[in-house]
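Each chain, written out:
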Amino acid sequence: MPRVDWLRIAAASRPGAPALVTPDRTVTYGELDRAADAVAAIVTGSGLGGGAVAFWGERHPATVAAIWGIPRAGAT
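Residues numbered from 1 in each chain as written. Predicted model: local features only at pLDDT ≥ 70, side-chain atom pairs only at ≥ 80, totals over all residues. Heavy atoms only, no water.

Focus: the overall build of the protein chain
Part 1: Looking only at helices and strands, the protein chain has 3 helices and 2 strands in total.
Part 2: Helices (α) and strands (β) of the protein chain occur, in sequence order from the N terminus, as α-β-β-α-α.
Part 3: Compactness check: the protein chain gives a C-alpha radius of gyration of 13 Å against a globular reference of 11 Å for 76 residues, within 12% of the reference.
Part 4: Projecting the C-alpha coordinates of the protein chain onto the three principal axes gives extents of approximately 35 × 30 × 20 Å.
Part 5: Here the protein chain holds 76 residues, and 32% of them are scored as buried.
Part 6: Put simply, of all contacts in the protein chain between residues at least 6 apart along the chain, 55% involve residues at least 24 apart. (Helix = DSSP H or I, 4+ residues; strand = E, 2+ residues; numbered from the N terminus. Rg over C-alpha atoms; globule rule 2.2 N^0.38 Å. Buried < 20%, exposed > 50% of the residue type's maximum accessible area, 1.4 Å probe, protein only. Contact = heavy atoms within 4.5 Å.)

Given below as structure tokens:
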């Protein structure tokens, strides 16, 4: 069964809507989607697509992008 990418769907239908709100900034669905694509490109480019990836995440938008981007690269 294919995995549904809810971030991609939200970014396509509401790219300017707030996805994350932090004390410092608001990140839109479009921005988060692009950041997740960038993470996926890094994972794929490093040869880890389809493999296992471990990362340490803080309470930060980059961590959320990694959570979405790693599976986009086919990694777990």
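Text resumes after the structure shown.
Observations regarding the environment of R14
Part 1: With respect to the secondary-structure elements, R14 resides in the loop between α1 (6-13) and β1 (18-21).
Part 2: Put simply, R14 and T28 are 14 residues apart on the chain and 8.6 Å apart in space, counted from C-alpha to C-alpha.

A closer look at the side chain of D33
Part 1: Along the chain, D33 turns up in helix α2 (residues 29-45).
Part 2: With near-sequence residues (within four places) excluded, D33 lies in contact with L7, R8, A11 and R72.

Considering the pairing of β1
Part 1: Bridging between β1 and strand β2 (residues 26-28) involves 3 bridges; their strand directions are antiparallel. What sits directly across from P18, in β2, is T28.
Part 2: Following β1, the chain reverses through 4 residues before pairing antiparallel with β2. (Pairing = 2+ DSSP bridges.)

As for the pattern of salt bridges
Part 1: Scanning all chains against the criterion turns up 5 salt bridges.
Part 2: Between D33 and R72 there is a salt bridge, and its shortest N-O distance comes to 2.6 Å. You can see D33 sitting in helix α2 and its partner R72 sitting in helix α3 (residues 61-72), a full 39 residues away along the chain. R72 matches D33 in its accessibility class, with the two residues each being buried. (Salt bridge = Lys/Arg side-chain N within 4 Å of Asp/Glu carboxyl O.)

Topic: the nonpolar core
Part 1: L32, V39, V43 and I70 are the most contacted members of the largest nonpolar core, which totals 13 residues.
Part 2: Mapped onto this core, the elements with two or more residues apiece are α2 and α3.
Part 3: The residues touching I70, leaving out its near neighbours within four places in the chain, are V39, V43, V53, F55, A75 and T76. (Core = buried A, V, L, I, M, F, W, Y, C linked by side-chain atoms within 4.5 Å.)

So yeah, pure geometry; function would need other evidence.
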